[in-house]
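Structural description and commentary
The chain contents come next:
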Amino acid sequence: MNLNSQTSSSIRKPKIFNNPERFIEGWYWVIPSQNLRVGEVKPVTILGRELVIYRGKDKRVVTLDAYCPHMGAHLAEGKVEGNALRCFFHHWKFDAEGMCIEIPMFRCTTFPKITNLAHC
């Protein structure tokens, strides 16, 4: 096989920019900071991926995957408690790193984690 005889259309390069399967490492503008109050959670979509963004009691902005790993509820319907986010469906509570820190009515020391994205 002669590689020089291949047309440029048969040689494919991976599409990275605007590919919802991948994120280029860096900063992405989501919303103006003044539009997110302490204790507020909002849904956002960036590069085709659904996320939630919230501001905890410490005033830090946190971005997490939009869906609870338990039953897939959208976390934008949840409630900010201190610096954590509680899912509205079964009340699992996630810290700013995406670690589940509380499951009501369940006594266990290891919990699942959701994807955590850039912190501001």
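Up top is the structure.
Below is a summary of the structure that appears in this document. For clarity, every value in this text was computed on a predicted model and none was experimentally measured.

The next thing to look at is a nonpolar patch on the surface. Taken together, the side chains of Met71, Phe88 and Phe89 define a hydrophobic patch exposed on the protein surface, amounting to about 320 Å² of accessible area. Tracing the chain through its elements places Phe88 in the loop between strand E5 (84–86) and strand E6 (93–94). According to the relative accessible area criterion, Phe88 is partly exposed, its value standing at 40%.

If a strand is regular, its side chains alternate between the two faces of the sheet. Here strand E1 (residues 41–46) pairs with strand E2 (residues 49–55) via six bridges, running antiparallel. Paired with Val44 across the two strands is Leu51, which belongs to E2. Joining the antiparallel neighbours E1 and E2 is a turn of two residues, in which Leu47 adopts a positive phi near 50°.

Another point: the sheet that holds E1. The three strands lie next to each other as E1-E2-E3, forming an open sheet whose pairing is antiparallel. Unpaired on one side and paired on the other, E1 and strand E3 (61–65) mark the two borders of the sheet. Strand-to-strand twist across the sheet, computed as the mean angle between neighbouring axes with direction ignored, equals 30°.

Let us now look at the pairing of E3. In terms of burial, E3 is largely enclosed, as five of its five residues are buried. Alignment of E2 against E3, held across five bridges, turns out to be antiparallel. Counterpart to Tyr54 in the pairing with E3 is Val62. Between E2 and E3, which pair antiparallel and follow one another directly, the connecting turn spans five residues, one of which, Lys59, has a positive phi of 75°.

Turning to the pattern of salt bridges, a few remarks are in order. Close approach of charged atoms allows side chains with opposite charge to pair. A full pass over the atoms with the stated rule returns six salt bridges. Across the salt bridge formed by Glu40 and Arg37, the nearest N and O atoms sit 3.9 Å from each other. Between Lys93 and Glu81 there is a salt bridge whose closest N-O contact spans 3.5 Å. Remark: Glu81 occurs in strand E4 (residues 79–81) and Lys93 occurs in strand E6; sequence separation between them is twelve residues. Each of Glu81, Arg86, Lys93 and Glu102 takes part in one network of salt bridges that share partners.

Our next topic: the sheet that holds E6. The sheet built from four strands is open, its strands ordered E4-E5-E6-E7 with antiparallel pairing. Where the open sheet ends on each side, the last strands, each with one partner, are E4 and strand E7 (100–102). Pairing of E5 with E6, which is carried by two bridges, proceeds in the antiparallel orientation. Across the sheet, Leu85 pairs through a bridge with Phe94, a residue of E6.

Scoring rules and cut-offs
Residues numbered from 1 in each chain as written. Predicted model: local features only at pLDDT ≥ 70, side-chain atom pairs only at ≥ 80, totals over all residues. Heavy atoms only, no water. Patch = residues over 30% accessible without salt bridge, like charges linked within 9 Å, V, L, I, M, F, W, Y side chains within 5 Å. Areas by Shrake-Rupley, 256 points an atom, 1.4 Å probe, with all protein chains shown as cover. Salt bridge = Lys/Arg side-chain N within 4 Å of Asp/Glu carboxyl O. Helix = DSSP H or I, 4+ residues; strand = E, 2+ residues; numbered from the N terminus. Buried < 20%, exposed > 50% of the residue type's maximum accessible area, 1.4 Å probe, protein only. Pairing = 2+ DSSP bridges. Axes fitted to C-alpha atoms, helices over the stretch in contact; angles between N-to-C directions.

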